[in-house]
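Structure assessment
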Amino acid sequence: MSAAGQEWEDESPERLYVITGGRTGAADTFSLDLVTLIVAKTSPRPGAQPEHAAIMRLCHSPLSVAELSAYLKLPVSVVTVLLGDLLADGRVVARAPVPPAELPDRSLIEAVIHGLQQL
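Only a predicted model underlies this, so the values are computations on that prediction, with no experimental measurement involved.

**What about the overall build of the protein?**
What the protein contains, in helices and strands, is 5 helices and 3 strands. Along the chain direction, N to C, the helices and strands of the protein fall in the order α-β-α-β-α-α-β-α. Out of the 119 residues in the protein, the part that is buried amounts to 30%. Sequence separation of at least 24 residues holds for 65% of the intrachain contacts in the protein that already meet a minimum separation of 6. Total accessible area on the protein is roughly 8200 Å²; 57% of this is exposed by carbon and sulfur atoms.

**A closer look at unusual backbone geometry**
Even without being glycine, Lys 73 reaches a positive phi, approximately 55°. Tracing the backbone shows Lys 73 in the loop between α3 (65-72) and α4 (76-88).

**A closer look at a nonpolar patch on the surface**
Taken together, Leu 108, Val 112, Leu 116 and Leu 119 make up a surface patch of nonpolar side chains, about 460 Å² in accessible area. You can see Leu 119 is positioned in the segment after α5 (106-117).

**Observations regarding the packing of α3 against α4**
Contact geometry of α3 with α4 gives a least axis separation of 9 Å together with a crossing angle of 110°. As the angle between them shows, α3 and α4 are arranged roughly perpendicular. On α4, the residues touching Val 65, Leu 68, Ser 69 and Leu 72 of α3 are Val 76, Val 79, Thr 80 and Leu 83. Its residues assigned to classes, the contact of α3 with α4 comprises 6 nonpolar, 2 polar and no charged.

Procedures and definitions
Residues numbered from 1 in each chain as written. Predicted model: local features only at pLDDT ≥ 70, side-chain atom pairs only at ≥ 80, totals over all residues. Heavy atoms only, no water. Helix = DSSP H or I, 4+ residues; strand = E, 2+ residues; numbered from the N terminus. Buried < 20%, exposed > 50% of the residue type's maximum accessible area, 1.4 Å probe, protein only. Contact = heavy atoms within 4.5 Å. Areas by Shrake-Rupley, 256 points an atom, 1.4 Å probe, with all protein chains shown as cover. Patch = residues over 30% accessible without salt bridge, like charges linked within 9 Å, V, L, I, M, F, W, Y side chains within 5 Å. Salt bridge = Lys/Arg side-chain N within 4 Å of Asp/Glu carboxyl O. Axes fitted to C-alpha atoms, helices over the stretch in contact; angles between N-to-C directions. Parallel < 35°, antiparallel > 145°, perpendicular 65-115°, else oblique. Nonpolar A, V, L, I, M, F, W, Y, C, P; charged D, E, K, R; others polar.

All we've got here are geometric facts, nothing functional implied.
So this is what it looks like as structure tokens:
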């Protein structure tokens, strides 16, 4: 309940402030963007903050920061603070997404096609 005696809404600034402990971003040592993939290294420990535990459960396979934000129904800024905590504790790993495969040079493709046509 809030100080006024009313229950907090799920996305109220007060609730988000409490979840993050008043922090506004992940530690400077962690560079997270929307497509950074997060994977849990362990299961949530008993007594963990509910949002931390939810991230750990969701990240048994890689999920992007944007996906976590959507699944948790929390702003990306809040999710990055929570991920900063988990990264600092070594409970999750962050990695850049797999880059798209580079296409071979057009001249190489044309040479292969020409060679196949000569068969």
